[in-house]
Amino acid sequence: MGHLSSVLGKLNRFRETSNFMILFLSFSNILSNGMNIVSGLFVARWVLPETLGAFNTFTLIAGYLVYVQLGVNMSFGREFPLNIGKGNKLLANQYAAGSQFWALLLSGTVAFFSLFGIIFHLLKGNYEASLGFLIIAVSSFESFYITQYLKVLYRSNRDFNKLSIINICGAFAMFISVVFVYYWGFYGLCLRVLFGALIQFWLAYKWRPTRVKPSFDKAVLKHLLMVGGPMFLVSTVITLWPLLQRTITLQFGGTTYLGLFAIPAVVFSSMATLSSAVSSVIYPTMSLAWGNGETVKQLFQKSLRPLAINSIIFAVAIPVGWFFLPQLIEVAMPNYSAAAEASKWMLIVGFVSSFNVWIDIYNVVNRQFFKLTAVCCGIIAWYIAFFILYNAGGFKLEILPQSVLFGYLALIICHLIFVYRHSGYTIDSLK
């Protein structure tokens, strides 16, 4: 009995560690991503391309609306854990109240204008378009308030474990609600978004560790905007990279190669779930440490153990994927067999890109110029590598991930140079 109690005690202590948190968050991301992929296959089987395209038009509009947050919610992700780490809980709560006000303001504004679209199309009898405008409002609320505010509040080990459960429940809600698509097509797609957002909102709001009321504070919002503005501009440049990759694929390979590249993109997305889990833990951990007066070198060192765990997983996943992935594509998706070689290379890209979690250091220490420089170096290295490979052997699908690999290597080298040159700086000395 005593031995069992000892084992249970060790398990409970392990549940409170960062290693368990990373493993659980990685597991939740992999499980969520798996359910999303499977449900996506069902959607593609039951819905015609033109119907799915009509629905995606509205989600695309919602995607562009995310940019109107202007970096306020982005800087909240830095300032909130940083001030908790510094012991300034009152100030952290003020930032939470201001960020919540901003998120609700943006969500409410989008909902207000979406209402005109809903009413207009209802009067015309176009119920699909009317529901589409509702989806714009719901998707914006999910992005502004649930993702960029509520989920940012989860910052301790125990909170991250709850966040993992929220993500799993949200993915499971989307998975089981795929039956709506089978019965109601376009309307079922809309119901899935509503159902998934409702589940995530209910859990994230119910378990939120910080409970403050939204508050308009001009000084707080100005600070968040000043800190988040440069982050926002740099992030805009970062989001251009995948867009440029798709553009260059279309330019040199045409629509066929653009369609084929969807398979390597899915492979990269699957590999990125692990890196995303590590980043979502490392970022607030670094912010807390930076607020406590630790150096840039110490921030960097906090990423090494999680990345080591990540590398062990990749060491198993890459050889297995390299051997079985082409066979899987040949059997399950024979029309995409030409993408097999590029998909294998994307496994390597997924591993190298996992070290790009170091990019979070720039946000923590608020050095956006260096982040912008690193990203631009990565894009330039990718662009040069692409044309070297293209001139050497013509256009092949596999030169896309191969050139992206060079881009990530250049990006990571820039991170290491920054850490080396600023290793001894703290929050008080790095002004």
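Scroll up a little and you will see the structure.
Residues numbered from 1 in each chain as written. Predicted model: local features only at pLDDT ≥ 70, side-chain atom pairs only at ≥ 80, totals over all residues. Heavy atoms only, no water.

Before going further, it helps to examine the pattern of salt bridges. Inspection of the entire model under this criterion finds two salt bridges. Of the charged contacts, one joins Glu294 and Lys302 as a salt bridge, the two residues approaching to 3.5 Å between their closest N and O atoms. What makes Glu294 partly exposed here is its relative accessible area of 22%. Residue Lys344 pairs with Glu341 through a salt bridge whose shortest N-O separation is 3.5 Å. Here Glu341 and Lys344 lie together in helix H14 (residues 340-353), a separation of three residues that amounts to about one turn. (Salt bridge = Lys/Arg side-chain N within 4 Å of Asp/Glu carboxyl O. Buried < 20%, exposed > 50% of the residue type's maximum accessible area, 1.4 Å probe, protein only. Helix = DSSP H or I, 4+ residues; strand = E, 2+ residues; numbered from the N terminus.)

Let us now look at a nonpolar patch on the surface. Together, Trp46, Leu122, Tyr127, Val179, Tyr182, Tyr183, Trp184, Tyr187 and Leu191 make up a nonpolar patch on the protein surface, roughly 950 Å² of accessible area in all. Put simply, the parts of the chain that give the nonpolar patch at least two residues each are helix H8 (178-184) and helix H9 (186-206). (Patch = residues over 30% accessible without salt bridge, like charges linked within 9 Å, V, L, I, M, F, W, Y side chains within 5 Å. Areas by Shrake-Rupley, 256 points an atom, 1.4 Å probe, with all protein chains shown as cover.)

Right, let's get into the packing of aromatic side chains. Summed over the entire model, instances satisfying the criterion amount to 30 aromatic pairs. Cluster of aromatic residues (ring-pair linked, three or more members): Phe76, Phe80, Phe141, Tyr145, Tyr149, Phe201 and Tyr205. Over the face of the ring belonging to Tyr205 we find Arg208, whose NZ or CZ atom lies 3.7 Å from the ring centre. (Phe/Tyr/Trp six-rings, centres within 6.5 Å; stacked < 30°, edge-to-face > 60°. Lys NZ or Arg CZ within 6 Å of the ring centre and 35° of its normal.)

Quick look at H14 now. Under the 1.5 Å per step criterion, the end-to-end length of H14 is 20 Å for 14 residues, consistent within 8% with the ideal 20 Å. Of the residues making up H14, those classed as buried are Ala340, Ala342, Ser343, Lys344, Met346, Leu347, Val349, Gly350, Val352 and Ser353. (Expected span 1.5 Å × (residues − 1).)

What follows covers the nonpolar core. Trp290, Leu299, Ile361, Val364, Val365, Leu400 and Tyr408 are the most contacted members of the largest nonpolar core, which has 53 residues in total. Sorting elements by how many residues they give to this core places helix H17 (residues 399-421) first, with 10 residues. Other than its neighbours up to four places away in sequence, Ile361 contacts Met286, Val296, Phe300, Phe418 and Val419. Formed by 37 residues, the second largest nonpolar core is a distinct cluster that contains Tyr95, Tyr149, Phe160 and Ile166. (Core = buried A, V, L, I, M, F, W, Y, C linked by side-chain atoms within 4.5 Å. Contact = heavy atoms within 4.5 Å.)

For the rest of this paragraph, the subject is the state of the cysteines. Going through the model one piece at a time under the given rule, you end up with zero disulfides. With no disulfide of its own, Cys377 lies closest to Cys414 among cysteine sulfurs, the gap being 4.0 Å. Owing to a relative accessible area of 32%, Cys377 belongs among the partly exposed residues under this scheme. (Disulfide = S-S within 2.5 Å.)

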